[in-house]
Amino acid sequence: MDPYIKGRGSQLNPTNRFETQSEEIYLEDLPTQEEREELLTSNPRTKYLEVFPKTILNKVESPDIGLAWSMNPYQGCEHGCVYCYARNSHQYWGYSSGMEFEQNILIKKNAPELLEDALINKKWKAESIMLSGNTDCYQPAERKLGITRKLLQVFLKFRHPVGIITKNSLVERDIDLLSQLARQNLAGVTLSLTTLNEELKRTLEPRTSTAKSVLRSIKNLTAAGIPVNVNVAPVIPGINDEGLFDVVKAVAEHGALSAGFIVVRLNGHNGLIFEDWINKNFPDRANKVLNQIKTMHGGKLNDSDFGRRMRGEGKFAELIRMQFSLARKKYLSGRQWPAMNFSLYEETRNKILAEADGSANQLKLF
């Protein structure tokens, strides 16, 4: 049996569906001792590659998401969540949806400039923009690169609303900016929390923040006046579904205003990756879990139909809905998510443009 790669979610590198050829690496073919040792110790290092997109805002077409635009300063994600729906998008960049999704991180250092170009445009109308529509904007690379922080500075400059979805407590670093935005109803944070069981969390999503850290982040963000929603996502029958009540209770006690859930769906290569993962980590219940997932998606591991894919169908999906409804009613009743303020942006943009025109006219005098 191949050695288990610690610190990584996927243990596979499925062939990219856009590639006509695949490559297998043999130990004796590696040219250096360092490369051979890396393969032997099963400790693949993360690589960062700068890319240069021409735009940063992506129009959201899905009616399930409930926002107009998303923005991703990084492609690929080192968090390594084994179930992540974004894995398959890495194939468009020529990489595998498996380990390469976690190892090869594409970074967009020009994202803040691209965002400013979009917001200064007179044709832009304020709409909901979400950081991390695909991959996490606070993944480990952000600690050093700070691209997300620079994006928040642009949103604050233009007084434009922004939402954030993350699993990483690094979001606390930017409380100073987020609190300024939140005071004008321009920001909200959604933290994802799958389980309070730290051992399970490390196995399921190895490089995300601990549950204890996420709860601390909820508390500290709330104390700073920043509204916090929690996604209990994904809910996997036989893995983390029994802890729904405990998670909702804990996030409510730490100040979350609301909570939602999404059932697991294993699109594309995620089915292969998850099957391999669960057989290696939970062989005693692997078949049971896989079959329960299938019952929620019409006999398949994935359902792509809007309106149903995130909630599932059948008895297990209904049981999850009932549990979550009861938990939310018991622990979050009476709390209300504030409406985002879209009225400040246009005036602010026009002021920035006027100041720029004034500076240009001053320069003409010299």
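Located above this text is the structure these notes cover.
Here the structure is a predicted model, which means the values were calculated and not measured.

(A) The packing of helix H9 (residues 244-253) against helix H12 (residues 314-331), seen in detail. At a minimum axis separation of 9 Å, H9 and H12 run at an interaxial angle of 25°. By the angle class used here, H9 and H12 are roughly parallel. Considering the relative orientation of H9 and H12, their crossing is right-handed. Contacts from Leu 244, Phe 245, Val 248, Lys 249 and Ala 252 in H9 reach Ile 320, Gln 323, Phe 324, Leu 326, Ala 327, Arg 328 and Tyr 331 in H12. Its residues assigned to classes, the contact of H9 with H12 comprises nine nonpolar, one polar and two charged.

(B) Region of the structure containing unusual backbone geometry. Of note, the amide linkage connecting Ala 233 to Pro 234 takes the cis form, showing an omega dihedral of -5°. Position of Pro 234 among the secondary structure elements: in strand E9 (residues 228-235). In this structure, Ser 132 is a non-glycine residue whose phi angle is positive, near 85°. Position of Ser 132 among the secondary structure elements: in the loop between strand E6 (129-131) and helix H4 (141-145). The phi dihedral of Asn 185 falls on the positive side, at around 55°, and the residue is not glycine. Following the sequence through the fold, Asn 185 ends up in the loop between helix H6 (175-182) and strand E8 (187-192). Residue classification places Asn 185 among the partly exposed positions, given a relative accessible area of 33%.

(C) Here's a closer look at the pattern of salt bridges. Applying the stated criterion across every chain, the model contains 14 salt bridges. A salt bridge links Asp 176 to Arg 149, with the nearest nitrogen and oxygen atoms 2.7 Å apart. Here Arg 149 lies in helix H5 (residues 147-158) and Asp 176 lies in helix H6, a separation of 27 residues in the sequence. Taking relative accessible area as the criterion, Asp 176 reaches 36% and is therefore assigned partly exposed. Among the residues examined, Arg 149 registers a relative accessible area of 22% and is labelled partly exposed. Put simply, Lys 167 and Glu 205 hold a salt bridge, and the shortest N to O gap is 3.2 Å. Here Lys 167 is found in the loop between strand E7 (162-166) and H6, whereas its partner Glu 205 is found in the loop between helix H7 (198-204) and helix H8 (211-223), with 38 residues between them in sequence. The structure contains a network of salt bridges with shared partners spanning Glu 142, Arg 149, Arg 173, Asp 174 and Asp 176.

Quick notes on the rules
- Residues numbered from 1 in each chain as written.
- Predicted model: local features only at pLDDT ≥ 70, side-chain atom pairs only at ≥ 80, totals over all residues.
- Heavy atoms only, no water.
- Axes fitted to C-alpha atoms, helices over the stretch in contact; angles between N-to-C directions.
- Helix = DSSP H or I, 4+ residues; strand = E, 2+ residues; numbered from the N terminus.
- Parallel < 35°, antiparallel > 145°, perpendicular 65-115°, else oblique.
- Left-handed = near helix turned anticlockwise from the far one by under 90°.
- Contact = heavy atoms within 4.5 Å.
- Nonpolar A, V, L, I, M, F, W, Y, C, P; charged D, E, K, R; others polar.
- Buried < 20%, exposed > 50% of the residue type's maximum accessible area, 1.4 Å probe, protein only.
- Salt bridge = Lys/Arg side-chain N within 4 Å of Asp/Glu carboxyl O.

Purely spatial values, then, with no claim about function.
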